[in-house]
Amino acid sequence: MARLINRLTARKVETIKKPGRHADGGNLFLIVDASGANHQPISKPAKRWAFLFRWDGRLRAMGLGSVTKVSLSDARDLAKKCRSQLARGLNPIEERQIEKRRRTTRRTFGEAAADLYDSRKASWRNEKYAAKWLAMLQRFAGEIWSKPVESICTDDIITILQPIWTTKAETARKVRSRIEAVLDAAQARGLMDQAMANPARLRGHLSVLLGKRPRLQRGHFNALRYEDIPAFVAKLRQSQSVSSLCLEFAILNACRSSEAMRA
């Protein structure tokens, strides 16, 4: 890649008076107007920055602000950002409009979670699951609940998941998955930078930082003592329900509960 040579200096920006475009390099131009701002004399012409680029075969000019508000150094930083967007196939003017809309429609994580919940709950047949879906996020993602979605980073997700990653693996799995879904939806609605990777992504991201979760954590259920079984079966036979008969069948045949229920 060729080294970018800047042609302008802060002194030249201050003293130049000749109307027209003055190139700095890298698509950045200083525009000196023929007439001064607010009808000022030509001895003090208005000066502004512009980023010029071609899009769909047409020359486009993106204003970057006047020299009274944007320094040469800041203008070069803005131009660098525009060149990066062009390299990714993005139109800098459209990207700035998207960013403005994002700022005016800023949503917190809690609001984005409620949006996703409202859009999905009609498709959930289990009402208890629907109620628990949002409640779990409110409980475990409280630290980012009031935080704008575009400012949520990997460190925020790690802070939420680390305390439960190995002690409550199944809960951690659900919480991470739901946070990822909320942020994916926010990104699809233009509330987050489209080029930003989801900070709650597991594969190749959180899995590297947090490590693997243990597969089984529930352990073994408490077992009934052998000598207590006759009394338990006698009590079980006092009930004539199908579930009681099913349980006695499982005990007498030493079979799995799923096998007994299917039988």
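Residues numbered from 1 in each chain as written. Predicted model: local features only at pLDDT ≥ 70, side-chain atom pairs only at ≥ 80, totals over all residues. Heavy atoms only, no water.

Student: How would you summarise the overall build of the protein chain if you had to cite specific residues and measurements?
Tutor: Per the secondary structure count, the protein chain includes 11 helices and 4 strands. Against the 2.2 N^0.38 benchmark of 18 Å for 263 residues, the protein chain shows a C-alpha radius of gyration of 32 Å, more extended than a compact globule. Seen through its C-alpha atoms, the protein chain measures out along the principal axes to roughly 105 × 35 × 35 Å. For the protein chain, long-range pairs separated by at least 24 residues make up 50% of all intrachain contacts whose partners lie at least 6 apart in sequence. Just so you have it, the protein chain exposes about 17,900 Å², and 51% of that area is on carbon and sulfur atoms. (Helix = DSSP H or I, 4+ residues; strand = E, 2+ residues; numbered from the N terminus. Rg over C-alpha atoms; globule rule 2.2 N^0.38 Å. Contact = heavy atoms within 4.5 Å. Areas by Shrake-Rupley, 256 points an atom, 1.4 Å probe, with all protein chains shown as cover.)

Student: Explain the nonpolar core to me, using residue names and the numbers behind them.
Tutor: Membership of the largest hydrophobic core comes to 35 residues, with the highest contact counts inside it found for Phe-109 and Ile-179. Contributions of two or more residues to this core are made by α4 (109-120), α5 (127-140), α6 (154-161), α7 (169-188) and α8 (202-210). Apart from the residues within four sequence positions on either side, Ile-179 is in contact with Phe-109, Leu-137, Ala-141, Ile-157, Ile-160 and Ala-200. By size, the runner-up hydrophobic cluster in this structure holds 17 residues, among which are Val-32, Phe-51, Ala-75 and Ile-93. (Core = buried A, V, L, I, M, F, W, Y, C linked by side-chain atoms within 4.5 Å. Buried < 20%, exposed > 50% of the residue type's maximum accessible area, 1.4 Å probe, protein only.)

Student: I'd like a rundown of α6, residues and numbers included.
Tutor: Restricting attention to buried positions, one finds in α6 the residues Asp-156, Ile-157, Ile-158, Ile-160 and Leu-161. Contacts from the buried residues of α6 go to α5, α7 and α8.

Student: Break down the pairing of strand β2 (residues 28-32) for me, citing the residues and quoting the values.
Tutor: Counting buried positions over the 5 residues of β2 gives 4, a clear majority of the element. Alignment of strand β1 (residues 20-25) against β2, held across 5 bridges, turns out to be antiparallel. The partner of Ala-23 across the bridge, within β2, is Phe-29. Joining the antiparallel neighbours β1 and β2 is a turn of 2 residues, in which Gly-26 adopts a positive phi near 65°. Across 5 bridges, the pairing between β2 and strand β3 (residues 47-55) is antiparallel. In the sheet register, Phe-29 faces β3, and the bridge partner there is Ala-50. (Pairing = 2+ DSSP bridges.)

Student: Explain a nonpolar patch on the surface to me, and be specific about the residues and the numbers.
Tutor: A cluster of nonpolar side chains, namely Leu-224, Phe-232, Leu-247, Ile-251 and Leu-252, defines an oily patch on the protein surface of about 420 Å² accessible area. As for its position among the elements, Ile-251 is in helix α10 (residues 242-253). (Patch = residues over 30% accessible without salt bridge, like charges linked within 9 Å, V, L, I, M, F, W, Y side chains within 5 Å. Salt bridge = Lys/Arg side-chain N within 4 Å of Asp/Glu carboxyl O.)

Student: Please provide a residue-by-residue account of the sheet that holds β2, values included.
Tutor: With respect to topology, 4 strands assemble into an open sheet ordered β1-β2-β3-β4, the strand pairing being antiparallel. Where the open sheet ends on each side, the last strands, each with one partner, are β1 and β4 (58-66). When the angles between neighbouring strand axes are averaged without regard to direction, this sheet yields 35°. Pairing between β3 and β4: 8 bridges, direction antiparallel. Its bridge partner being in β4, Arg-54 is matched across the sheet by Leu-59. On top of the sheet, helix α2 (residues 72-87) reaches β1, β2, β3 and β4; it is set at about 10° to β3, its chief contact. (Axes fitted to C-alpha atoms, helices over the stretch in contact; angles between N-to-C directions.)

Student: Explain the pattern of salt bridges residue by residue, including any values.
Tutor: With the rule as written, the count across this model stands at 12 salt bridges. When the shortest N-O distance is used, the salt bridge between Arg-173 and Glu-170 registers 2.6 Å. Here Arg-173 pairs with Glu-170, and both are found in helix α7, just 3 residues apart, close to one helical turn. Of the charged contacts in the structure, one is a salt bridge between Glu-227 and Arg-225, with a shortest N-O distance of 3.6 Å. Taking the relative accessible area as the measure of exposure, Glu-227 reaches 53% and is therefore exposed. In this structure Arg-225 comes out as exposed when scored by relative accessible area, which is 52%. Each of the salt bridges in this network shares a partner with another, and the network as a whole consists of Arg-107, Glu-111 and Asp-115.

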